Amino acid sequence: MGEILVFDVDGTLTPPRSMMEDGMARLLRQLAVERPVYLVTGSDLAKLLRQVPADIAGRAAGVFCCSGNELWRGGRLTYQMRHEFPDELVDFATQLLGSAQYPTRTGNHIEARTGSLNISVVGRNANMIQRRDYFRHDKANGERAHIAAAIEAKFPQYEANRGGQISIDIAPRGWNKARVVKEILGRSPGLPIHFFGDTVCEGGNDLPLALALASLGSEHVVHGVADHHETLAILKARYCAGQPASEVA
């Protein structure tokens, strides 16, 4: 089997909130036959299946949803970690969103998921143009970082990490993507993990998993990517070298 491949989804395997492109899908189908492939997303399964073809999710050795608080195998729920968030935290998050500088509001600003709370200033109803505009605003102003820091300062038992282009994932401290490492290595002991994520940065929701792998040794590799195009380029260079062009995704 060689090694284990672990992927964030949105922005890493797919364009933001969009369906996986054909070239990536063809290559993942091939890779999932040859070695364990895991998907790790902050979204729930229904949202993941709007971006990832169902047969690829089914071929994966595991699909971790809601930042690792759910594990799906072959379309079946294996485990689920739930948490009830206090009204005080929800009210405080609502106040922070309402006082944020960005002017556009599209609706669906707070979404409860299994074990986590997803919040967004612009709202999850934003279209692709609005998402990109908010992402540029946030990159220039650090709005999500300020909101996340305020939440962690007032509720230190929780952590808040940026996810995708527009949102923040709030969860009990330690309930993050790092939790998937124990499950994965328990099923494939001795194999190195190669993890691909687009938010392997301070405050990003891929960072806890990257740090967990780094703590285990240099045999595990983290690929911090800018987007799904970079992920595909790395995969082609690593796993398709020497193949005829007609066989490469």
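All values derive from a computational prediction rather than experimental measurement. (Residues numbered from 1 in each chain as written. Predicted model: local features only at pLDDT ≥ 70, side-chain atom pairs only at ≥ 80, totals over all residues. Heavy atoms only, no water.)

### Quick notes on empty space enclosed by the protein
(1) Moving on: Scanning the model with the defined rule gives 2 cavities of 30 Å³ or more in all.
(2) Moving on: The calculated volume of the largest cavity comes to roughly 190 Å³.
(3) Moving on: As for the largest cavity, its lining consists of 21 residues, of which D10, R17, S43, G163 and G164 are closest to the centre.
(4) Moving on: In terms of residue class, the lining of the largest cavity is made up of 1 nonpolar, 10 polar and 10 charged.
(5) Moving on: Roughly 90 Å³ of internal volume is contained in the second largest cavity.
(6) Moving on: Lining the second largest cavity, in full, are S67, N69, S116, E159, N161, D169, I170, A171, W175, N176, K177 and N205.
(7) Moving on: For the lining of the second largest cavity, the elements supplying multiple residues, two or more each, are β8 (158-163) and β9 (167-172).
(8) Moving on: Sorting elements by how many residues they give to the lining of the second largest cavity places β9 first, with 3 residues.
(9) Moving on: Taken together, the residues of the lining of the second largest cavity break down into 3 nonpolar, 6 polar and 3 charged. (1 Å grid on protein atoms, 1.4 Å probe; cavity = no way out; pocket = protein on both sides within 12 Å on 5 of 7 lines; lining within 4 Å. Points joined across faces, edges and corners; volume = space filled by probe spheres on them. Nonpolar A, V, L, I, M, F, W, Y, C, P; charged D, E, K, R; others polar. Helix = DSSP H or I, 4+ residues; strand = E, 2+ residues; numbered from the N terminus.)

### Focus: the sheet that holds strand β11 (residues 221-224)
(1) Moving on: Strand order across the open sheet formed by 7 strands is β5-β4-β3-β2-β1-β10-β11, with mixed pairing between neighbours. Strands with a single pairing partner mark the edges of an open sheet, and in this sheet they are β5 (76-80) and β11. Shown here is a sheet whose adjacent strand axes are inclined to one another by a mean of 20 degrees, direction ignored.
(2) Moving on: In this sheet, strand β10 (residues 193-197) lies alongside strand β1 (residues 4-8) in parallel orientation, the contact comprising 4 bridges. (Pairing = 2+ DSSP bridges. Axes fitted to C-alpha atoms, helices over the stretch in contact; angles between N-to-C directions.)

### Thoughts on the sheet that holds β8
(1) Moving on: Across the sheet, which stays open at both edges, the 4 strands sit in the order β6-β7-β9-β8 with antiparallel pairing between neighbours. For this open sheet the edge positions go to β6 (110-113) and β8, each flanked by a neighbour on one side alone. Averaged over all pairs of adjacent strands, the angle between strand axes in this sheet comes to 25 degrees, irrespective of strand direction.
(2) Moving on: Bridge count between β8 and β9: 6 bridges; the pairing is antiparallel. Paired with Y158 across the bridge in β9 is P172.
(3) Moving on: Across the sheet, helix α6 (residues 143-154) is in contact with β7 (116-120), β8 and β9; its angle to β8 comes to roughly 170 degrees. (Contact = heavy atoms within 4.5 Å.)

### Quick notes on the side chain of H223
(1) Moving on: Mapped onto the elements, H223 comes out in strand β11.
(2) Moving on: Those residues within four positions of H223 in sequence are excluded, and the remaining contacts are H194, F195, F196, G197 and I234.

### Comments concerning helix α1 (residues 22-34)
One full turn of an α-helix is made of 3.6 residues, so residues set three or four places apart face in the same direction.
(1) Moving on: With 13 residues, α1 extends 19 Å from end C-alpha to end C-alpha; this agrees with the ideal 18 Å at 1.5 Å per step.
(2) Moving on: Here α1 has its buried residues at G23, M24, A25, L27, L28, L31 and A32.
(3) Moving on: Of the surrounding secondary structure, the elements contacted by the buried residues of α1 are β1, β2 (37-40), α3 (54-59) and α9 (228-239). (Expected span 1.5 Å × (residues − 1). Buried < 20%, exposed > 50% of the residue type's maximum accessible area, 1.4 Å probe, protein only.)

### What about the layout of surface pockets?
(1) Moving on: What the largest pocket holds in volume is close to 460 Å³.
(2) Moving on: Looking at the largest pocket, it is lined by 19 residues, and the ones nearest its centre are F135, G164, Q165, D198 and A226.
(3) Moving on: By residue number, the principal contributor to the lining of the largest pocket is helix α5 (residues 128-141), which donates 5 residues.
(4) Moving on: Grouping the amino acids of the lining of the largest pocket by side-chain chemistry returns 6 nonpolar, 5 polar and 8 charged.
(5) Moving on: For the second largest pocket, the calculated volume is near 240 Å³.
(6) Moving on: Taken together, 16 residues form the lining of the second largest pocket, with E152, A160, N161, E202 and G203 sitting closest to its centre.
(7) Moving on: Residues of the lining of the second largest pocket, tallied by class, amount to 7 nonpolar, 4 polar and 5 charged.

### Observations regarding the packing of helix α4 (residues 87-98) against α6
(1) Moving on: Two elements in contact, α4 and α6, have axes separated by 11 Å at closest approach and are oriented at 155 degrees. Considered as vectors, α4 and α6 are oriented roughly antiparallel to each other. Once α4 is placed against α6, the crossing between them reads as right-handed. Side by side, α4 and α6 meet where F92, L96 and L97 of the first sit next to I147, A150, I151 and K154 of the second.
(2) Moving on: Among the residues making up the contact of α4 with α6, the classes are represented as 6 nonpolar, no polar and 1 charged. (Parallel < 35°, antiparallel > 145°, perpendicular 65-115°, else oblique. Left-handed = near helix turned anticlockwise from the far one by under 90°.)

### Considering the state of the cysteines
(1) Moving on: Under the definition given, this model contains 0 disulfides.
(2) Moving on: Not part of a disulfide, C66 finds its nearest cysteine sulfur in C65, a span of 5.9 Å.
(3) Moving on: Looking at C66, the relative accessible area reads 1%, which means it is buried. (Disulfide = S-S within 2.5 Å.)

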